[in-house]
Every structure is written in C-alpha cells, then in structure tokens.
Amino acid sequence: MRKEPSGADRFLGLVASAQDRDSELTSIQAGLLVAAELGIAFDSRTFARMLGIAHALVLRELSALTVRDDKLEIVRRDPRTMRVHYRLAAL
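This structure is a prediction, so every number in the text was calculated from the model and none was measured.

### Some remarks on the pattern of salt bridges
Under the counting rule described, the total for this entry stands at eight salt bridges. For R68, the salt bridge goes to D22, with nearest N and O atoms at 2.7 Å. Separated by 46 residues along the polypeptide, R68 in helix 4 (residues 55–68) and D22 in the loop between helix 1 (7–21) and helix 2 (27–38) bring together distant segments of the chain. We note a salt bridge from K71 to D69, for which the minimum N-O separation is 3.9 Å. Through salt bridges with shared partners, one network takes in D22, E24, R68, D69 and K71.

Listed below in structure tokens is the structure:
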C-alpha cells in the first residue's frame, strides 16, 4: 500500500523537482516559486516564518530570483516591515 506524502514532504518534493528543472535555483528560490504556485505564501515574511528561516535571507533570495528571471514579480513592498509581496508572473 502506497502512503500519501505529508504536506511537508510534498512541498519538499516539489522544491526538488523545481531545482531539477532549473539547476541555478537555490532551495529557497525554488521554495518561493512552489509556495506561490500552491498558494501557501505570497509575501516574504509569511514564507520566512513558515519555514523558520531569517527574513533577511528570504529577501536576498527573492531579490536574486526576480533579477535572474521573470518567474516571480514583486507586487508591493512595505517599507515599515520590509515585507515584500510577490506573485507568479504570467508567462
């Protein structure tokens, strides 16, 4: 009997698949894309909190991802909290 993967296992599997398709993606960048695809997180603080990683690290990876390609687009920035809202780009 095949056991269904948990939500975390499914997320990590999708992150690994994204990295297989694009070897230049870091795991955080792939996670940002997968989180947006699945509707899990659309802003940097939520993503950082859900994964238990530093917000500054997410901001750096998000910035690098948006400069590197056009898969994500920045929708809004909150200067007070440094939160960056993003969405998948319409390709």
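Picking up after the structure, the text goes on.
### Things to note about the packing of helix 2 against helix 4
Running from amino to carboxyl end, helix 2 crosses helix 4 at an angle of 80 degrees, the nearest separation of the two axes being 9 Å. Judged on the interaxial angle alone, helix 4 and helix 2 are roughly perpendicular. Side by side, helix 2 and helix 4 meet where I28, Q29, L32 and L33 of the first sit next to L57, V58, E61, L62, A64, L65 and R68 of the second. Its residues placed into classes, the contact of helix 2 with helix 4 shows eight nonpolar, one polar and two charged.

How each quantity is defined
Residues numbered from 1 in each chain as written. Predicted model: local features only at pLDDT ≥ 70, side-chain atom pairs only at ≥ 80, totals over all residues. Heavy atoms only, no water. Salt bridge = Lys/Arg side-chain N within 4 Å of Asp/Glu carboxyl O. Helix = DSSP H or I, 4+ residues; strand = E, 2+ residues; numbered from the N terminus. Axes fitted to C-alpha atoms, helices over the stretch in contact; angles between N-to-C directions. Parallel < 35°, antiparallel > 145°, perpendicular 65-115°, else oblique. Contact = heavy atoms within 4.5 Å. Nonpolar A, V, L, I, M, F, W, Y, C, P; charged D, E, K, R; others polar.

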